[in-house]
Number of protein chains: 2
Amino acid sequence: MLDALDKNMLDEMTGLHELPAGAYNIRKNGEKAARNTTANIDIVTKQDKPGMDIIVKPGTVGESVHIPVIITAEGLNDLVYNSFDIGEGSDVLIVAGCGIHNPGDKKSQHDGVHEFLVRKGARIKYVEKHFGEGNGNGEKVLNPKTIIEVEEGGYAELELVQIKGVDSTKRDTEIKLHRNARVVVVERMLTYKNQDAESKINVEMVGVDSSAQIISRSVARDESKQIFYLNMSGHERCRGHIQCDSIIMDKAKVEAIPKISAFHSDSQLIHEAAIGKIANDQLIKLMSLGLSEKEAEDTILKGFLK
Amino acid sequence: MLDALDKNMLDEMTGLHELPAGAYNIRKNGEKAARNTTANIDIVTKQDKPGMDIIVKPGTVGESVHIPVIITAEGLNDLVYNSFDIGEGSDVLIVAGCGIHNPGDKKSQHDGVHEFLVRKGARIKYVEKHFGEGNGNGEKVLNPKTIIEVEEGGYAELELVQIKGVDSTKRDTEIKLHRNARVVVVERMLTYKNQDAESKINVEMVGVDSSAQIISRSVARDESKQIFYLNMSGHERCRGHIQCDSIIMDKAKVEAIPKISAFHSDSQLIHEAAIGKIANDQLIKLMSLGLSEKEAEDTILKGFLK
């Protein structure tokens, strides 16, 4: 069912060589390629539009859901809506992501809309990895939209990674936090050649004692372009912190346009952003250890993107 | 020529009790009230629109120009265009500002457009203080627009202060820096009651080795609203730093929307913003020294706004 190319792509996205344990749904070229449900995690195909409902029973702890999307055809435009209902008190890992292997010259695109309701006291870790490859000139385009609502005492951790091969991306992440809810977003992005990337993250803290941390790290090489809109608003007593660091190289362009909005005097919001090139003394140190300039650069960038 | 009220307002704006030494122009209720020029600094009334040209001869060092605007009438809408030509190698202090004493219930407004050409190697310190007072309900509105171009090796230091009594302000500051030019902007703002304030500062670093520092400190009390748009773009090897700190109290609202744009890989841009209330431990420390809560608060706010 999964051929060697599929397995290789699965590995890139999820670190898995075979079908994952637990619940999963693998979507290939716009079709369901494989699915598994468990006693606690159900996956139901949507009737009104492409996509699925993933329902995690209350109290489900230590389970995972993998929902990778594989595209190996050129000229495909795949759109999918997935809704997650994370039951009260559960604690689950969700691994999504999309790999496009575009063999031809026609654009292949995947737009995924993911909606999460993290119910009272529930916790999720959501990992989303995007990559593209292929020998032709066909563009690889990925536009994820992620909507997360975290109920009282809930926790969501997001790891959003775009490592290579994505020609164009518009990422849109909307998060709403209720009383005592917390979100941590870690975004890592590398662009090169003529790639362009836009990432919008908007966190609304509407509940008392909600808190949010956004960490965005990016490297822009060659002629690539990156724009970051990182917004946070506090409507109650809450704490938020945005940190946005970019390394810029070659002819790349990077813009950071954050927005912190305090609509309550007990909102504490902090934003930090820095754009600059690799520190020269770091390069020299590594080169004095015998690395070439290129190797030293790569080592630093890898460390920066973790 | 200047009555007791005028002198009091002059003091608030400039710290002067009498007419200043050096060049000056005092504008009162839309009319020229007093003017003095020096051998090196000429002030010429514009022919095509309200306002004046202030011409500083090359090499003028240690002189000052005071151009305060006093409004003591209700229902006045005063608009003025002032152009400064700062000759090569000069080093001058320019003190502007506007005080509105609105005795009635009709809105009084002053919009000042100030344009500066700081020529090669010249230095200016520009101080602008805004305040309003008056027993009626008439709004006091001040909308300054400041456009500054700094030529090679030039330096501009801006101190922009709005301390009290301004019901509404839209501040717009545009700065362009050429090779090796530097700007330092210090903005201090206090709003209270229903006041609203918007400040836009845009710094374009178009010259190699230009640098910019923006420090904005504000306190928002009562139901007042503040919005800060602090932008910086690097088009060459350059360094920029924006720091934006706000203390929020009561039912006030504060938004910080900075933007850093690196269009060159040797641009180094940093932004930091924080919105929060007065640190509790600071309050407690001062209160343990015998201050009331209100006194402790005032002491901290004064220190914060310097």
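Residues numbered from 1 in each chain as written. Chains lettered and ligands numbered in written order. Predicted model: local features only at pLDDT ≥ 70, side-chain atom pairs only at ≥ 80, totals over all residues. Heavy atoms only, no water.

Per an unreviewed UniProt entry, chain A is named SufD family Fe-S cluster assembly protein, and its organism is Clostridium muellerianum.

Q: What should I look at first to understand the environment of Thr173 of chain B in this one?
A: All names here are of chain B. Along the chain, Thr173 falls in strand S13 (residues 168-177). For the pair Thr173 and Glu115, spaced 58 residues apart in sequence, the C-alpha to C-alpha distance is 9.9 Å. In contact with Thr173, other than residues within four places in its own chain, are Thr146, Leu158, Leu160, Lys200, Ile201 and Asn202. (Helix = DSSP H or I, 4+ residues; strand = E, 2+ residues; numbered from the N terminus. Contact = heavy atoms within 4.5 Å.)

Q: Just checking my understanding: could you explain the interface of chain A and chain B for this structure?
A: It is common to give the size of an interface as the accessible area lost on bringing the parts into contact. Contacts between chain A and chain B engage 29 residues on the former and 29 residues on the latter. For the pair chain A and chain B, the two sides together bury roughly 2,300 Å², of which 53% comes from carbon and sulfur. If you sort the residues of chain A by the area they bury against chain B, Ile260, Ser265 and Ile275 of chain A come out on top, with a joint share of 22%. Across the contact surface, chain A and chain B share four salt bridges. Close ionic contact of Lys277 of chain A with Asp266 of chain B constitutes a salt bridge, the shortest N to O distance being 2.8 Å. Our enumeration of links across chain A and chain B arrives at 15 residue pairs in polar contact (both at pLDDT 80 or more). Of all the secondary-structure elements, those providing two or more residues to the side of chain A that touches chain B are strand S19 (253-256), strand S20 (259-262) and strand S21 (267-276) of chain A. Tallied by class, the residues present in the side of chain A that touches chain B amount to 15 nonpolar, seven polar and seven charged. (Buried area = accessible area lost by both parts, 1.4 Å probe. Salt bridge = Lys/Arg side-chain N within 4 Å of Asp/Glu carboxyl O. Polar contact = N/O pair within 3.5 Å; in protein donor to acceptor, adjacent residues only side chain to side chain. Nonpolar A, V, L, I, M, F, W, Y, C, P; charged D, E, K, R; others polar.)

Q: What is the right way to read the packing of helix H2 (residues 280-288) of chain B against helix H3 (residues 293-304) of chain B from this model?
A: Packed helices, taken two at a time, are described by their axes: the angle between them and the distance between them. All names here are of chain B. For the pair H2 and H3, the least separation of the axes is 9 Å and the interaxial angle reads 120°. One way to sum up the angle between H2 and H3 is to call them oblique. Remark: the crossing between H2 and H3 carries right-handed chirality. Contacts between H2 and H3 involve Gln282, Leu283, Leu286 and Met287 on the former and, on the latter, Glu293, Ala296, Glu297, Thr299 and Ile300. Across the contact of H2 with H3, the residue classes break down as five nonpolar, two polar and two charged. (Axes fitted to C-alpha atoms, helices over the stretch in contact; angles between N-to-C directions. Parallel < 35°, antiparallel > 145°, perpendicular 65-115°, else oblique. Left-handed = near helix turned anticlockwise from the far one by under 90°.)

Q: Looking at this structure, how should I read the relation of the copies chain A and chain B?
A: Between the two copies of the chain lies a rotation about an axis combined with a shift along it. Between the two copies, chain A and chain B, the superposition gives an RMSD of 0.0 Å; the rotation angle is 180° and the shift along the axis is 0.0 Å. Interpreted geometrically, this transformation is the action of a two-fold axis. Relative to the rotation axis, the C-alpha of Glu272 of chain A is the closest in chain A, positioned 2.2 Å from it. Comparing contact sets, 100% of the residues at the interface of chain A also lie at the interface in chain B, consistent with an isologous, same-surface contact. (Least-squares fit on C-alpha atoms with pLDDT ≥ 70 in both.)

Q: What should I look at first to understand H3 of chain B in this one?
A: Working note: α-helix, 3.6 residues per turn, so residues spaced by three or four point in the same direction. Residues and elements named next belong to chain B. For H3, which comprises twelve residues, the first-to-last C-alpha distance of 16 Å matches the rise-based estimate of 16 Å (1.5 Å per residue) to within 8%. Here the buried face of H3 lies against strand S16 (210-220), strand S18 (238-248) and H2. Looking one or two residues beyond H3, the residue adopting positive phi is Lys306, at roughly 60°. (Expected span 1.5 Å × (residues − 1).)

Q: Quick question: what am I supposed to make of unusual backbone geometry here?
A: Excluding glycine, residues mostly carry a negative phi; peptide bonds, for their part, are mostly trans. With phi around 55°, Asp222 of chain A is a residue other than glycine that occupies positive phi space. For Asp222 of chain A, the position within the fold is in the loop between strand S16 (210-220) and strand S17 (225-234).

Q: I'm lost on helix H1 (residues 4-14) of chain A in this one. Help?
A: Residues and elements named next belong to chain A. Within H1 the residues assigned to the buried category are Asp6, Met9, Leu10, Met13 and Thr14. Projection of H1 onto a plane perpendicular to its axis shows the buried side chains occupying an angular sector of 110°, all on one side. Buried residues belonging to H1 abut strand S1 (23-28), strand S5 (61-66), strand S6 (69-71), strand S8 (91-101) and strand S10 (123-133). Measuring from the side-chain oxygen of the N-cap residue of H1 to the backbone nitrogen of Leu5 gives 3.2 Å; that N-cap residue is Asp3. Backbone geometry just downstream of H1 places Gly15 in the positive-phi region, at approximately 75°. (Buried < 20%, exposed > 50% of the residue type's maximum accessible area, 1.4 Å probe, protein only. Arc of directions from axis to C-beta.)

Q: Hey, could you run me through the packing of aromatic side chains in this one?
A: Note on aromatic pairs: each is described by the distance of the centres and the angle between the planes. Residue and element names in this part refer to chain A. Overall, the coordinates contain four aromatic pairs over all chains when judged by the stated rule. Ring centres of Phe116 and Tyr126 lie 4.8 Å apart, and the angle between their planes is 65°; this geometry places the pair in the edge-to-face category. Here Tyr126 lies in strand S10 and Phe116 lies in strand S9 (residues 108-118), a separation of ten residues in the sequence. Note on Phe116: relative accessible area 3%, which makes it buried. Residue Tyr126 is classed as buried on the basis of its relative accessible area, which comes to 0%. Members of the aromatic cluster, joined through ring pairs, are Phe84, Phe116 and Tyr126. (Phe/Tyr/Trp six-rings, centres within 6.5 Å; stacked < 30°, edge-to-face > 60°.)

Q: How should the state of the cysteines be read in this particular structure?
A: Working definition of a disulfide: a covalent bond connecting the sulfur atoms of two cysteines. Counted by the stated rule, this structure contains zero disulfides over all chains. Summary of cysteine pairing: Cys238 of chain A is not part of a disulfide, and the nearest cysteine sulfur, belonging to Cys244 of chain B, is at 17 Å. Unpaired in this structure, Cys244 of chain B has its nearest cysteine sulfur neighbour in Cys244 of chain A, at a distance of 16 Å. Given the relative accessible area of 3%, Cys244 of chain B is considered buried. (Disulfide = S-S within 2.5 Å.)

Q: What am I meant to see in the pattern of salt bridges here?
A: Side chains that carry opposite charge are capable of pairing whenever their charged atoms lie near each other. For the coordinates displayed, the defined rule picks out 42 salt bridges over all chains. Salt-bridge contacts for Glu157 of chain A lead to Lys125 of chain A; the nearest nitrogen and oxygen are separated by 3.8 Å. Of this pair, Glu157 of chain A sits in strand S12 (residues 155-164) while Lys125 of chain A sits in strand S10, placing them 32 residues apart in sequence. The exposure class of Lys125 of chain A is partly exposed, given its relative accessible area of 29%. Between Glu12 of chain B and Lys164 of chain B there is a salt bridge, with its nearest N and O atoms 3.4 Å apart. You can see Glu12 of chain B sitting in helix H1 (residues 4-14) and its partner Lys164 of chain B sitting in strand S12 (residues 155-164), a full 152 residues away along the chain. Of the residues examined, Glu12 of chain B reaches a relative accessible area of 34% and is grouped as partly exposed. Each of Lys125, Glu157, Glu159 and Arg188 of chain A takes part in a single network of salt bridges with overlapping partners.

Q: I'm lost on the pairing of strand S15 (residues 196-205) of chain B in this one. Help?
A: Consecutive side chains along a regular strand alternate between the two faces of the sheet. Residue and element names in this part refer to chain B. Bridging between S13 and S15 involves ten bridges; their strand directions are parallel. By the bridge assignment for S15, Thr169 is matched with Ala197. Here S15 pairs with strand S17 (residues 225-234) via ten bridges, running parallel. Bridge pairing in S17 links Ala197 to Gln226. (Pairing = 2+ DSSP bridges.)

Q: Whenever I open this one, the pairing of strand S4 (residues 51-56) of chain A confuses me. Can you help?
A: All names here are of chain A. When strand S3 (residues 41-45) meets S4, the two strands line up antiparallel, connected through five bridges. Counterpart to Val44 in the pairing with S4 is Asp53. Taking the residues that link successive antiparallel strands as the turn, the S3-S4 hairpin has five residues.

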